[in-house]
Amino acid sequence: MRLPCPICGERDRREFYYQGAAVALHRPAPDADADAWQDYVYLRENMPGDHEELWSHDAGCGAWLVVTRNTVTHAVLGAKLASEADR
């Protein structure tokens, strides 16, 4: 699988490290109630199809990316810098 780094261009997946679902970008406020934190930590929709994932380009520029990937076909649909992702 090849991932498109917005800084370095398309690279082999082995240069990147998977960090999990991009839901981590939508972290509740530190003073949020226990229900908000419970939902954030434990509730995940795991439907097949297009998902946003966090990847870090460890063997390249070191950037954090949000990669849109189809979990059924493994097709990579795009990538953007995590700093530019909608929060």
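Residues numbered from 1 in each chain as written. Predicted model: local features only at pLDDT ≥ 70, side-chain atom pairs only at ≥ 80, totals over all residues. Heavy atoms only, no water.

Enquirer: Sorry, what's going on with the overall build of the chain here?
Expert: The helix and strand tally for the chain stands at one helix and six strands. Along the chain, from the amino end to the carboxyl end, the secondary structure elements read β-β-β-α-β-β-β. Counting across all 87 residues of the chain, residues that qualify as buried make up 26%. Relative to all contacts within the chain whose residues are 6 or more apart in sequence, the contacts with residues 24 or more apart total 48%. With the model as given, the accessible surface of the chain reaches about 5,900 Å², and the carbon-plus-sulfur share is 49%. Of note, the chain has its 9 positive side-chain charges centred 9 Å away from the centre of its 14 negative side-chain charges. (Helix = DSSP H or I, 4+ residues; strand = E, 2+ residues; numbered from the N terminus. Buried < 20%, exposed > 50% of the residue type's maximum accessible area, 1.4 Å probe, protein only. Contact = heavy atoms within 4.5 Å. Areas by Shrake-Rupley, 256 points an atom, 1.4 Å probe, with all protein chains shown as cover. Lys, Arg positive; Asp, Glu negative; His and termini not counted. Charge placed at Lys NZ, Arg CZ, Asp CG, Glu CD.)

Enquirer: Can you walk me through the side chain of His 57 in this structure?
Expert: Within the secondary structure layout, His 57 lies in the loop between strand S4 (50-56) and strand S5 (64-70). When residues no more than four places from it in sequence are discounted, the contact partners of His 57 are Cys 5, Cys 8, Arg 11, Glu 15, Phe 16, Gly 62 and Ala 63.

Enquirer: Any chance you could explain the pattern of salt bridges here in plain terms?
Expert: Scanning the entire structure with this criterion turns up five salt bridges. Taking the shortest distance from any N to any O, the salt bridge between Arg 2 and Glu 10 comes out at 2.9 Å. When the shortest N-O distance is used, the salt bridge between Asp 12 and Arg 14 registers 2.8 Å. Exposure remark for Arg 14: the relative accessible area of 67% places this residue in the exposed category. (Salt bridge = Lys/Arg side-chain N within 4 Å of Asp/Glu carboxyl O.)

Enquirer: Where do I start with the nonpolar core in this structure?
Expert: Where a protein is soluble and globular, its nonpolar side chains tend to be buried together. Counting residues in each nonpolar core, the largest one holds eight residues, listed as Leu 3, Cys 5, Phe 16, Trp 55, Ala 63, Leu 65, Val 67 and Leu 81. When residues of this core are traced back to their parent elements, those giving at least two are strand S1 (2-5) and S5. In this structure Cys 5 touches Glu 10, Phe 16, His 57, Cys 61 and Leu 65, once residues within four positions along its chain are discounted. (Core = buried A, V, L, I, M, F, W, Y, C linked by side-chain atoms within 4.5 Å.)

Enquirer: Sorry, what's going on with the pairing of S1 here?
Expert: Regular strands have side chains that alternate between both faces of the sheet. Only one face of S1 is covered, namely the one carrying Leu 3 and Cys 5; the face carrying Arg 2 and Pro 4 has none of its residues buried. Of the strand pairs in this sheet, S1 and strand S2 (residues 9-12) are connected by four bridges, and their pairing is antiparallel. When the bridges of S2 are listed, Leu 3 appears paired with Arg 11. Taking the residues between adjacent antiparallel strands as the criterion, S1 and S2 are bridged by three residues. (Pairing = 2+ DSSP bridges.)

Enquirer: Teacher, can you tell me more about the environment of Asn 46 here?
Expert: Looking at the element boundaries, Asn 46 is found in the loop between helix H1 (34-42) and S4. Sequence spacing of Asn 46 and Ser 56 is 10 residues, and the spatial spacing of their C-alpha atoms is 22 Å.

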